[in-house]
Amino acid sequence: MSALAAGVALLAGGPVAALVAAVYAGLGARELARRAGRKRVAAGRAAALDGLSSLVAELRAGAPPAVVAGGVEGAPIGSELDGDERIGSLAGAVWRLAEQTGAPAADLLERIEADARTGDRAAKAALAQAAGAQATALLLAALPVGGIGLGYAIGADPLHVLLRTPVGAGCAVVAVALQCGGLRWAQQLTDGLGR
């Protein structure tokens with residue numbers, strides 16, 4: 001994607017345009033991949049929590065642990081908990097503990113589910129509080145387009161200056177580097193909150 005954008009920009013505006021287009025296309029592609037990854041992780045976690053909930057319900061309803069386990073020794077949990085490694089690991093530890101000591105697996109699994117759901121609610125609240133940083137990142141991403149539009153509105157030719165003069169090219173490269181740094185900083189502010 002970056003190469004295609006750079007090639008088109010090279011033909012249309014020269015090497016500075018190619019560099020700028022490649023950087024922005026790379027940033028866009030990386031953001032799309034991050035969003036898709038976050039959706040996958042969230043879907044896996046939701047599926048694991050739902051699987052844990054149904055496992056607890058089956059145990060509470062009186063289903064024998066061997067039936068709930070699906071007859072698999074040492075790994076009682078089926079694929080429904082594979083979506084979240086931590087939940088699957090904790091559930092497996094509970095299962096081993098219940099087999100060795102006779103502890104009530106349903107109670108322990110229910111506590112794991114309650115803790116995970118509480119953590120999810122806290123993470124969502126933190127993400128809501130970080131909406132300002134996300135809005136700043138979006139504004140930062142839109143500023144160059146607004147600046148170029150403003151330049152044309154006052155009668156200047158900002159693209160010619162940025163792409164065809166040495167000073168403009170230097171300013172464009174520095175601006176892209178600063179914008180990448182700003183976007184990365186805003187991303188760092190919100191990355192750890194959803195975990």
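Computed from a predicted model, the values in this text were never measured in an experiment. (Residues numbered from 1 in each chain as written. Predicted model: local features only at pLDDT ≥ 70, side-chain atom pairs only at ≥ 80, totals over all residues. Heavy atoms only, no water.)

### A closer look at the environment of V173
Phase 1: In this structure, V173 sits in helix α8 (residues 166-191).
Phase 2: As a C-alpha pair, V173 and V16 span 157 residues in sequence and 7.6 Å in three-dimensional space. (Helix = DSSP H or I, 4+ residues; strand = E, 2+ residues; numbered from the N terminus.)

### Let's talk about the nonpolar core
Phase 1: L52, L59, I87, A105 and L109 are the most contacted members of the largest nonpolar core, which totals 16 residues.
Phase 2: Among the secondary structure elements, those contributing two or more residues to this core are α2 (15-60), α4 (85-101) and α5 (105-129).
Phase 3: In this structure, V20, A169, A172 and V176 belong to the second largest nonpolar core, which totals five residues. (Core = buried A, V, L, I, M, F, W, Y, C linked by side-chain atoms within 4.5 Å. Buried < 20%, exposed > 50% of the residue type's maximum accessible area, 1.4 Å probe, protein only.)

### Re α2
Because an α-helix completes one turn every 3.6 residues, residues spaced three or four positions apart along the sequence face the same direction.
Phase 1: The terminal C-alpha atoms of α2, which comprises 46 residues, lie 67 Å apart, in line with the 68 Å expected from a rise of 1.5 Å per residue.
Phase 2: Where α2 terminates, the next one or two residues include G62, which has phi positive at roughly 100°. (Expected span 1.5 Å × (residues − 1).)

### Some thoughts on α5
Phase 1: Taking 1.5 Å as the rise per residue, α5 with 25 residues should run 36 Å; its terminal C-alpha atoms sit 36 Å apart, in good agreement.
Phase 2: Of the residues making up α5, those classed as buried are A105, A106, L109, I112, E113, A116 and A123.
Phase 3: Its buried side turned inward, α5 meets α2 and α4. (Contact = heavy atoms within 4.5 Å.)

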